[in-house]
Amino acid sequence: MAGKVKLTVACGDYEIVRALKEGAVEADGLELVMLTDMGPRERHWRMARKAEFDVCEANVGAYFMERDQGAPLTAIPVFLHRRFRHGFLFVSAAAGIRAPKDLIGRQVGGTNFQPASNIWMRGILQDEYGLPHRQVTWVVERSEDVAFTPPKDLRIEMIAPGKKLDLMLAEGEIPAMLSPELPRLLRAGDKRIVRLFPDYKDLELAYFRRTGIFPIMHVTTIKQEIVDKFPWVPTNLTKAFEAAKAIAYRRIANPRVVPLAWVRTVLEEQEEMLGRDPWAYGLTPANRNNLETVLRYTFEQGMISKMLPLDALFADTDLGDASGSDGI
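Anyway, here's the lowdown on the structure attached to this text. (Residues numbered from 1 in each chain as written. Predicted model: local features only at pLDDT ≥ 70, side-chain atom pairs only at ≥ 80, totals over all residues. Heavy atoms only, no water.)

Comments concerning helix H3 (residues 60-68)
So the rule is basically this: The classification of residues rests on relative accessible area computed with a 1.4 Å probe and restricted to protein chains. Under 20% of the type maximum is buried, over 50% is exposed, and intermediate values are partly exposed. A run of H or I in DSSP counts as a helix once it spans at least four residues, and a run of E counts as a strand once it spans at least two, with each numbered from the N terminus. Polar contacts, as counted here, are pairs of nitrogen or oxygen atoms within 3.5 Å of one another; within protein the pair requires one atom able to donate a hydrogen and one able to accept it, and residues that are adjacent in sequence qualify only if both atoms are side-chain atoms.
Summarising burial for H3: nine of the nine residues are buried, a large majority. Inspection of H3 places Val-60, Gly-61, Ala-62, Tyr-63, Phe-64, Met-65, Glu-66, Arg-67 and Asp-68 among the buried residues, and these make up the whole buried set. With a side-chain oxygen positioned 2.8 Å from the backbone nitrogen of Gly-61, the residue opening H3 is Asn-59. Positive backbone phi, at 90°, marks Gly-70, one or two positions downstream of H3.

This is the structure in structure tokens:
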């Protein structure tokens, strides 16, 4: 691949990047080394602490923090991971927690303070349910990916070595927990842990219909030195991710590929509820609203010092009319 710019790309092993990983889609002028075997924690930590990759799928809040601290990074508007969050607030079945406001003045666990999932859910709990995040003590079990000094009125406590948050929750030592994923004990069928919102899907759909937000968890970052040297890279890379996503959509629509009996039904329901392209890339009006909301949450939760405009945080990859048919 002589003459091509070689880039390492660290991201999740998603269906929407399969075509790039397998070579069915190539980015014009680029040779991509796809690194998809890491979990999100390892990937985020290695990029935040050691800048090991040229391009990296990153926690949206951590990226805002890094830029606020002057890190030489930019991002392209490619959002490889989104997830609704109402289904990831867990409570002790014996704690008597009936509504988010019941957690005022209480301890709430969370792997650490910075996961995008936790940023989103703290913001939603404050905006939608009247639970001020600074009236809770946030109990964490690991260090942060991006170093920061919490505001004096933000209470964050580290649990004792050897403790596990899901066990603390099950045994009633803490009344509630935010988690990026399902807690281990819940997956094992432990009935001592329940969701605060058992009807979470209905709430998430109502939230989407009211706000237009399908929460963006991760952005795609690029070292600034690469963009400075090769200013065409962000647009070509974005086009390649878009092409890979289009192939993924076609692939999962084939019931011979996906081992789900009603895969077509599920896809039709999703299109009716979320539209034809729920994983839309670009700084569209809907994505701007999405990103401005999580940027505000990151600021309000004391992790960044100021609100930067989105156009300063993302490379300009908008083709405008140039992406249409050729003129004569």
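A few points about the pattern of salt bridges
Quick note on the threshold: A pairing counts as a salt bridge when a side-chain nitrogen of Lys or Arg comes within 4 Å of a carboxyl oxygen of Asp or Glu.
Using the criterion set out here, one finds 22 salt bridges in the structure. As a salt-bridge pair, Arg-46 and Glu-52 come within 2.6 Å of each other at their nearest N and O atoms. Note on Arg-46: relative accessible area 24%, which makes it partly exposed. When its relative accessible area of 29% is taken as the criterion, Glu-52 is described as partly exposed. Across the pair Arg-296 and Glu-300 runs a salt bridge, and its minimum N-O distance is 3.2 Å. Of this pair, Arg-296 and Glu-300 both sit in helix H11 (residues 285-300), separated by four residues, roughly a single helical turn. Accessibility expressed as a relative area gives 29% for Arg-296, which makes it partly exposed. Using a relative accessible area of 29% as the deciding quantity, one classes Glu-300 as partly exposed. Beyond isolated ion pairs, a larger network of salt bridges with shared partners links Glu-15, Arg-18, Glu-22 and Arg-251.

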